[in-house]
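# Remarks on the overall topology
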Amino acid sequence: MGWYTNVIRKLGHTRWFAALGRAVVPVDRWVQRRTKGRVTIVGMSALPHLLLTTTGRKTGQPRTIPLLYAPDGDNFVVTASNWGQTHHPAWSGNLLADPAAVVAAHGREIPVHATLAEGAERERVWALVTGVWPAYETYVDRAGDRTIRVFVLTPTER
């Protein structure tokens, strides 16, 4: 990891960085869609990132969000941290309602099945995602009583 990535990882713990990240998400989503997940503008391009497309549980429409992930073999581990806000992000509710989704990463689109990690499995994959983005630990404190959801995205086609 280069110095730039280390600086971004340290800034991730600050409230202003989280607020900036939330504001930039729509533009980042646009950039990542155009590059099929190869480029991100939120300053984390050196970290593993993807676009996750879920089906809206209320609308039935596709909903896409840029996320960091931790690799776990062929799987992708993502957190519904919502930048440490006290409510769950909509995309996590979408995955609970319909676990079929699509990941765009490394210039490819990959159909996946989402599983909410619980118990010992959650502890194992939480260590993976906090290894990628240590600020998730700070987000736990900010989230209050909310337990941050962690999902394992397993490719359904190989």
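Note: the structure precedes this text.
Keep in mind the model is a prediction, meaning the values are calculated, not measured.

Let's shift gears to the sheet that holds strand β5 (residues 100-105). Sheet architecture is open: seven strands sit in the order β2-β1-β5-β6-β7-β4-β3, paired in antiparallel fashion. On the outer flanks of this sheet lie β2 (62-68) and β3 (70-72), each paired with one strand and no other. Averaged over all neighbouring strand pairs, the angle between strand axes comes to 35°, with direction disregarded. Seen against the sheet, helix α3 (residues 90-97) touches β1 (49-55), β2, β4 (75-80), β5, β6 (108-116) and β7 (149-155) and runs at an angle of roughly 55° to β7. Relative to the sheet, helix α4 (residues 119-132) contacts β3, β4 and β7, its axis offset from that of β3 by approximately 135°.

Moving on: the packing of aromatic side chains. Per the stated rule, a full pass over the model turns up five aromatic pairs. Ring geometry for W91 versus F151: centroids 5.8 Å apart, planes at 55°, classification tilted. One end of the pair, W91, is in helix α3; the other, F151, is in strand β7, with 60 residues separating them in the sequence. Each member of the pair, W91 as well as F151, carries the same accessibility label: buried.

Turning our eyes to something else, we now look at the environment of G144. Checked against the element boundaries, G144 lands in the loop between α5 (135-142) and β7. For G144, a relative accessible area of 47% gives the class partly exposed. In this structure, the C-alpha to C-alpha distance between G144 and G84, residues 60 residues apart in sequence, is 8.5 Å.

Moving on, we come to the pattern of salt bridges. Opposite charge on two side chains allows them to pair when their charged atoms are near. In total, this model carries two salt bridges according to the counting rule given. A salt bridge links R124 to D72, with the shortest nitrogen-to-oxygen separation between them at 2.6 Å. Taken together, the residues R124 in helix α4 and D72 in strand β3 connect sequence positions 52 residues apart. Of the residues examined, R124 reaches a relative accessible area of 38% and is grouped as partly exposed.

Criteria and thresholds
- Residues numbered from 1 in each chain as written.
- Predicted model: local features only at pLDDT ≥ 70, side-chain atom pairs only at ≥ 80, totals over all residues.
- Heavy atoms only, no water.
- Pairing = 2+ DSSP bridges.
- Helix = DSSP H or I, 4+ residues; strand = E, 2+ residues; numbered from the N terminus.
- Axes fitted to C-alpha atoms, helices over the stretch in contact; angles between N-to-C directions.
- Contact = heavy atoms within 4.5 Å.
- Phe/Tyr/Trp six-rings, centres within 6.5 Å; stacked < 30°, edge-to-face > 60°.
- Buried < 20%, exposed > 50% of the residue type's maximum accessible area, 1.4 Å probe, protein only.
- Salt bridge = Lys/Arg side-chain N within 4 Å of Asp/Glu carboxyl O.

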